[in-house]
Amino acid sequence: MPHTRNRHSYRREAFTLLEVIFAVAVTSLLLAGAVAIVVGMTEGWAKRDQRYFFEDHVDGVTEFLRASFAAAGTSITLDTEDDSSSTEEETDTEGDTNTETDTNVSLETDTSTETDSTDTSTSDSSSAGGLITISEDPIGWARPPGFAGYEKPLLNFKLSSAPPLFVADSELPALGVDVYLYFKRDEGLSLIWYSILQEETEDIQDLRRTELSALVKEIRYIYWDESFEKWEEEQEPKEGDGADQYLMPRYLKLIFEYKGETTSRTLAIPVVSRSALIF
């Protein structure tokens, strides 16, 4: 009998098959719940990063265009006719001064002083201007070299130097950049540009193209209607009175789209007024 009791007590201390199955089931449920929580947190962070990526991309493109528009209108010219004309004027002035000096010797000192001051001011103005010219119309409509006459012109502006986003083939910096805003719905928004230092710019193949955003799905042009005194939003630029002339919009609206989410940004077209007062 003692031997039988010990064997019976030993059997009661072991796990039954039902208990093992139940423990495995509970453990599996706990692991499945933990995996679901981890996957949910991962997807949440992924969506959060994608959402902020879209907003950052839209803001970056908008700020780049706004800065480019603000710097538009300054370009580099290679024309030297102004220098030659100014040199001829200085020569004529010196000749007149010498004639007056021979006629009246007593004014020799005063005349030479005036001549020196005139020469100094002339040299300062020419050196200050240099090769950089400022246009009264920073942004306008124009066709890039190589575009056919039936194609619509593009928004065009000039920069004195290329921004870091533009990559040239050579190691030389791109100076005097001519930029065109190029949009296609299936390709997005790009910038077509070239430098005045290029030897050939007569064909479309000679131009450079920099993709700005593939998420731009539409561009709208905002005009002020003076007749009805309200803003009008157009999908195409308005034509002017003359042939092949287009009106300049007051604002440019970019519509971005990414994975079903749509947002828009509005850019002001700068208009320079030489008669405006600066306080």
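Residues numbered from 1 in each chain as written. Predicted model: local features only at pLDDT ≥ 70, side-chain atom pairs only at ≥ 80, totals over all residues. Heavy atoms only, no water.

Draft legend 1. Representation of the packing of aromatic side chains in the model. A complete count under the given rule lists eight aromatic pairs for this structure. Each ring, one from Phe-69 and one from Phe-157, has its centre 5.6 Å from the other, and the planes form 85°; the classification is edge-to-face. Of this pair, Phe-69 sits in helix H2 (residues 17-71) while Phe-157 sits in strand E4 (residues 154-161), and the two are 88 residues apart along the sequence. Neither Phe-69 nor Phe-157 differs from the other in exposure class; each is buried. With a centroid separation of 5.4 Å and an interplanar angle of 70°, the aromatic rings of Trp-231 and Tyr-251 are classed as edge-to-face. On the criterion of sequence distance, the pair formed by Trp-231 in strand E9 (residues 230-234) and Tyr-251 in strand E10 (residues 251-258) is long-range, its members being 20 residues apart. (Phe/Tyr/Trp six-rings, centres within 6.5 Å; stacked < 30°, edge-to-face > 60°. Helix = DSSP H or I, 4+ residues; strand = E, 2+ residues; numbered from the N terminus. Buried < 20%, exposed > 50% of the residue type's maximum accessible area, 1.4 Å probe, protein only.)

Draft legend 2. Representation of unusual backbone geometry in the model. For Glu-229, which is not a glycine, the phi torsion comes out positive at approximately 55°. One can find Glu-229 in the loop between strand E8 (216-225) and E9. Although it is not a glycine, Lys-259 adopts a positive phi angle of roughly 50°. Mapped onto the elements, Lys-259 comes out in the loop between E10 and strand E11 (261-268).

Draft legend 3. Geometry of the sheet that holds strand E7 (residues 208-213). In space, the five strands of this open sheet follow the order E3-E4-E5-E6-E7, with antiparallel pairing throughout. Every other strand in the sheet has two partners, leaving strand E3 (139-142) and E7 as the edge strands with one partner each. Put simply, the sheet's adjacent strands are angled 35° from each other on average, direction ignored. Of the strand pairs in this sheet, E4 and strand E5 (residues 175-184) are connected by six bridges, and their pairing is antiparallel. If you follow Ser-161 over to E5, its bridge partner there is Leu-175. (Pairing = 2+ DSSP bridges. Axes fitted to C-alpha atoms, helices over the stretch in contact; angles between N-to-C directions.)

Draft legend 4. Representation of the pairing of E11. The pairing of E10 with E11 spans eight bridges and is classified as antiparallel. In the strand pairing of E11, Leu-252 is matched with Leu-267. Between E10 and E11, which pair antiparallel in sequence order, lie two residues; one of them, Lys-259, sits at a positive phi of approximately 50°.

Draft legend 5. View of the sheet that holds E8. What the four strands build is an open sheet, ordered E9-E8-E10-E11; its pairing is antiparallel. In this open sheet, the two edge strands, each paired with only one partner strand, are E9 and E11. The average undirected angle you get between the axes of adjacent strands in this sheet is 25°. Across six bridges, E8 lies against E10 in antiparallel orientation. What sits directly across from Glu-218, in E10, is Ile-255.

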